[in-house]
Amino acid sequence: MAMDNLSASLAIAGSGLSAQSQRIRVATENLANSESTGKTPGALPYTRKILSFDQELDAATGAELVTIGDVDADRSPYRIENIPGHPAADAQGNVKLPNVNVLVELADIREGARSYEANLQVLKQVRHLETLTIDILKV
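Sequence positions are assigned chain by chain, starting from 1 and proceeding in written order. Totals for whole chains, interfaces and linings use all residues, but because this is a predicted model, local features are given only for residues with pLDDT of at least 70 and pairs of side-chain atoms are given and counted only at 80 or more. For side-chain calculations, the full set of non-hydrogen atoms in the structure is used, while hydrogens and water are omitted.

Trainee: Whenever I open this one, the pattern of salt bridges confuses me. Can you help?
Mentor: Within this document, salt bridges are pairs made up of a side-chain nitrogen of Lys or Arg and a carboxyl oxygen of Asp or Glu, the two lying within 4 Å of each other. Taken as a whole and assessed by the stated rule, the structure comprises seven salt bridges. Close ionic contact of Lys49 with Glu29 constitutes a salt bridge, the shortest N to O distance being 2.6 Å. Taken as a pair, Lys49 in strand β1 (residues 49-57) and Glu29 in helix α1 (residues 3-32) lie far apart in primary sequence, 20 residues in all. For Arg48, the salt bridge identified is with Asp74, shortest N-O distance 3.2 Å. Placement of the pair is Arg48 in the loop between α1 and β1 and Asp74 in the loop between β2 (64-73) and β3 (79-82), with a sequence separation of 26 residues. Both residues of the pair, Arg48 and Asp74, count as buried. Overlapping salt bridges bring together Arg23, Asp108 and Glu111 as one network. Put simply, DSSP H or I for four residues or longer makes a helix, DSSP E for two residues or longer makes a strand, and each gets a number counted from the N terminus. Only protein chains enter the accessibility calculation, which uses a 1.4 Å probe. A residue is then buried if its area is under 20% of the maximum for its type, exposed if over 50%, and partly exposed in between.

Trainee: In this structure, what is going on with a negative patch on the surface? I would like to understand it.
Mentor: Patches here: salt-bridge-free residues with over 30% relative accessible area, like charges joined within 9 Å, nonpolar side chains (Val, Leu, Ile, Met, Phe, Trp, Tyr) joined within 5 Å. Residue exposure ignores everything except the shown protein chains as possible cover, and the areas themselves are Shrake-Rupley values with a 1.4 Å probe. For the charge count, each Lys or Arg is scored as positive and each Asp or Glu as negative, with His and the chain ends excluded. Every charge is mapped to an atom, namely NZ of Lys, CZ of Arg, CG of Asp or CD of Glu. Together, Asp54, Glu56, Glu64, Asp70 and Asp72 give the surface a local cluster of negative charge. Listing elements by their share of the negative patch, those giving two or more residues are β1 and β2. Top element by residues in the negative patch is β2. It accounts for three residues. Position of Asp70 relative to the elements: it lies in strand β2. Overall, the relative accessible area of 47% leaves Asp70 in the partly exposed class.

Trainee: Could you clarify how one ought to interpret the pairing of β2 in this entry?
Mentor: Each regular strand shows side chains that alternate between the opposite faces of the sheet. Whether two strands pair depends on DSSP finding at least two bridges between them. As paired elements, β1 and β2 share eight bridges and run antiparallel to each other. Note that in β2 the partner of Glu56 across the bridge is Leu65. Count of turn residues in the β1/β2 antiparallel hairpin: six residues, of which Gly62 carries a positive phi of about 75 degrees.

Trainee: I tried to follow the confidence of the model for the protein on my own but got confused; where do I start?
Mentor: Detail in the predicted coordinates should be disregarded across regions flagged by low pLDDT. Confidence of the predictor at the level of single residues is captured by pLDDT, which takes values from 0 to 100. Confidence in the prediction of the protein, expressed as mean pLDDT, is 93, and 98% of residues score 70 or more. Ranking the elements of the protein by mean pLDDT puts α1 last with 93 and strand β4 (residues 94-97) first with 96.

Trainee: How should I be thinking about the environment of Thr40 in this particular structure?
Mentor: You can see Thr40 is positioned in the loop between α1 and β1. The exposure class assigned to Thr40 is partly exposed, which follows from its relative accessible area of 46%. Separated by 46 residues in sequence, Thr40 and His86 have C-alpha atoms that sit 9.1 Å apart. Whether two residues touch is decided by their heavy atoms; if any such pair falls within 4.5 Å, the residues are in contact. Among residues more than four places away in sequence, those in contact with Thr40 are Pro87 and Ala88.

What follows is the structure in structure tokens.
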């Protein structure tokens, strides 16, 4: 494997680490705000964020790197529960709750962590191959 291919592998795995880190951060933020309601009657609660992945060509290595596209607001409807007396309750006692599904966020965090770990293993392997290549060239 040529050093150019190793450099490209490092760039790809590095971009994957960065993207998965941001994915986990967004899912964790969603999870942390899964019960965050508005502060006034009828106010909107926290809105779930959705992250999209993109790709871009790295001019230095010629590799396609993963990047973060947009972080958008989820347009799915808010949950509504009847909780009279809640500060965010409307005249009928209904409170809008975030459109966050805890199980979906936990699954996204788990998948992001696994992808992060896989990219980390690629980095370790490439570093090992670079070291072996340098050792071979010394001889």
